[in-house]
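Single-letter residue listing:
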Amino acid sequence: MSVFSSSSSLGKLSPTDVSAYLTRLNLPTSLLGAPPSLALLRQVQLAHHLTIPFESTILHVPSNSWTGDPSRAIRIGESDESVALGAAAFDRIVRKRKGGYCFSLNSTLAALLRHWFKVSDVAARVYGHLGDNDPAEVGWSWISLKDGGEPTPGTTPCPRFKVVHSTLPTNDSSPLPSTVALDEPKTWTCYREVTPSTGRPKFWTPYYTFLLQLVTYPDFVVLNHYNSTYPSALFKTFFVCTKLHEDGSRTTLYYKNPVDAKGGDGSSEGCAKLQRTTLAGAEVREESVPMRIGPIRAVLEEDFGFVFE
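Before going into details, it helps to say that this report is about the structure given with it. Just so it is clear, the model here is predicted, and its values are computed rather than measured.

Rules and cut-offs
- Residues numbered from 1 in each chain as written.
- Predicted model: local features only at pLDDT ≥ 70, side-chain atom pairs only at ≥ 80, totals over all residues.
- Heavy atoms only, no water.
- Helix = DSSP H or I, 4+ residues; strand = E, 2+ residues; numbered from the N terminus.
- Contact = heavy atoms within 4.5 Å.
- Areas by Shrake-Rupley, 256 points an atom, 1.4 Å probe, with all protein chains shown as cover.
- Pairing = 2+ DSSP bridges.
- Axes fitted to C-alpha atoms, helices over the stretch in contact; angles between N-to-C directions.
- Phe/Tyr/Trp six-rings, centres within 6.5 Å; stacked < 30°, edge-to-face > 60°.
- Buried < 20%, exposed > 50% of the residue type's maximum accessible area, 1.4 Å probe, protein only.
- Salt bridge = Lys/Arg side-chain N within 4 Å of Asp/Glu carboxyl O.
- 1 Å grid on protein atoms, 1.4 Å probe; cavity = no way out; pocket = protein on both sides within 12 Å on 5 of 7 lines; lining within 4 Å.
- Points joined across faces, edges and corners; volume = space filled by probe spheres on them.
- Nonpolar A, V, L, I, M, F, W, Y, C, P; charged D, E, K, R; others polar.
- Left-handed = near helix turned anticlockwise from the far one by under 90°.

1. Comments concerning the overall build of the protein
Point 1. From N to C terminus, the protein includes 6 helices and 9 strands.
Point 2. Of the contacts formed within the protein by residues at least 6 apart in sequence, a portion of 59% connects residues at least 24 apart.
Point 3. Summed over all atoms, the accessible surface of the protein reaches about 16200 Å², with 55% contributed by carbon and sulfur.

2. Points about the sheet that holds strand β5 (residues 203-214)
Point 1. If you walk across this open sheet you meet the 4 strands as β2-β5-β4-β3, and the pairing is antiparallel. With one partner strand each, in any of the chains shown, β2 (122-126) and β3 (161-166) form the two edges of the open sheet. On average, adjacent strands in this sheet sit at an angle of 25° to one another, irrespective of strand direction.
Point 2. Judged from the 6 bridges that link them, β3 and strand β4 (residues 187-194) form a sheet pairing that is antiparallel. Paired with phenylalanine 161 across the bridge in β4 is arginine 192.

3. Focus: the packing of aromatic side chains
Point 1. Under the defined criterion, the tally for this structure stands at 12 aromatic pairs.
Point 2. Plain terms: the ring middles of tryptophan 66 and phenylalanine 308 are 5.1 Å apart, the flat faces sit at 40° to each other, and that makes the pair tilted. Residue tryptophan 66 is found in the loop between β1 (54-55) and α3 (86-95), and its partner phenylalanine 308 is found in the segment after α6 (293-304); the two are separated by 242 residues along the sequence.
Point 3. Grouping aromatic residues by their ring pairs yields a cluster made of Phe54, Tyr101, Phe103, Phe220 and Phe235.

4. Considerations on the pairing of strand β7 (residues 250-256)
Note on strand geometry: in a regular strand, side chains alternate between the two faces of the sheet.
Point 1. With 5 of 7 residues buried, β7 is to be regarded as a mostly interior element.
Point 2. Pairing of strand β6 (residues 238-244) with β7 involves 7 bridges; the strand directions are antiparallel. Residue leucine 244 lies in a different strand from β7, and its bridge partner there is arginine 250.
Point 3. Linking β6 to β7, which pair antiparallel, is a turn of 5 residues; within it glycine 248 sits at a positive phi near 90°.
Point 4. Looking at chain direction, β7 and strand β8 (residues 271-277) are connected through 5 bridges and run antiparallel. By the bridge assignment, threonine 251 is partnered in β8 with arginine 276.

5. Comments concerning the pattern of salt bridges
Point 1. Under the counting rule described, the total for this entry stands at 9 salt bridges.
Point 2. The residue arginine 92 makes a salt bridge to glutamate 55 at a minimum N-O spacing of 2.8 Å. Taken as a pair, arginine 92 in helix α3 and glutamate 55 in strand β1 lie far apart in primary sequence, 37 residues in all. Just as arginine 92 is buried, glutamate 55 falls in that class too.
Point 3. Across the salt bridge formed by arginine 114 and aspartate 121, the nearest N and O atoms sit 3.4 Å from each other.
Point 4. Among the residues examined, aspartate 121 registers a relative accessible area of 25% and is labelled partly exposed.
Point 5. Connected through shared salt-bridge partners, Asp17, Asp91, Arg95 and Lys96 make up one network.

6. Description of the sheet that holds β7
Point 1. Here we have 5 strands laid out as an open sheet, ordered β1-β6-β7-β8-β9, and antiparallel in their pairing. Single-partner strands in this sheet number two, and they are β1 and β9 (283-290).

7. Focus on the layout of surface pockets
Point 1. Space inside the second largest pocket adds up to approximately 340 Å³.
Point 2. Around the second largest pocket, the lining comprises 22 residues; the ones closest to its centre are Ser5, Leu10, Asp121, Val215 and Tyr217.
Point 3. If you list the elements that add at least two residues to the lining of the second largest pocket, you get α4 (102-113) and α5 (217-229).
Point 4. Of the residues forming the lining of the second largest pocket, the biggest block, 4 residues, is contributed by α4.
Point 5. Residue classes in the lining of the second largest pocket are distributed as 11 nonpolar, 9 polar and 2 charged.

8. With respect to the packing of helix α2 (residues 38-51) against α4
Point 1. Orientation of α2 relative to α4, taken along the N-to-C sense of each, is 145°, at an axis distance of 12 Å. Along this stretch, α2 crosses α4, giving a crossing that reads as right-handed. Listed contacts from α4 to Leu41, Val44 and His48 of α2 are Leu105, Leu109, Leu112 and Leu113.
Point 2. For the contact of α2 with α4, a count of residues per class yields 6 nonpolar, 1 polar and no charged.

9. Remarks on the environment of arginine 97
Point 1. If you trace the backbone, arginine 97 turns up in the loop between α3 and α4.
Point 2. Note: C-alpha distance between arginine 97 and phenylalanine 308 (211 residues apart in sequence) is 8.8 Å.
Point 3. Once you skip the residues sitting within four places of it in the chain, arginine 97 turns out to touch Arg24, Arg92, Gly305, Phe306 and Val307.

Below you can see the structure in the form of structure tokens.
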């Protein structure tokens, strides 16, 4: 029987649920008996990126609305449902073939990985735009941890990535900090060297920062609750569904609510953008999709594999 994270235990899936998860990831169930290895970790993590969409749809459309009036307009933040954790997250990701955002995806993947590995939950931050970073020029990366759990600075499978142990990157004037103030925690940050398509000089941009400090389950629940319910939280104001492909391209459906000088009324009249971009960030496809139940549902089913009941 699967055990999901709580104040008294870490999440770990039963062999039956591990098998179902592997099937969802299009991986052979024979991996159930595989010994832990870096190759296995890479295989499962990559399959997760290629199969499970990163999405915030449940925060904007109540679950029962997808089977209702197809002409109904989607309003940003209208849903009173939150992003589920634990057994409900597993059910949404594996059985209902949908996705989630960082809190639900990472905690559910951790429960899967504990079938083979010792997994710790730590605090992390993702950067979208800092310093010279042009959002159109960034992609996805990963960092490696050595056996003792400490990152190996400067070592990744691609020379255009580096891992730096320093203060938290926070401003344009210090994109690669080298000193640590006494009152600031040390963090590990993965940077990518970017070659702009515009001919500008190369620069380093941060992707992920994390602390080797465990996050307790109550803190995790509070953080997820804030991001799922607070009106100004990022994903409560941003409709997104995105998935990586084997060739490095990415398909993304997104819409951010327009806010006028008076603050806006939360309506989502208009169209979402459906984009397919290459690994280098070049746009190869863009379509406009009306922000209504029928058209958006069709895209979620066709491009992201959603199953609606």
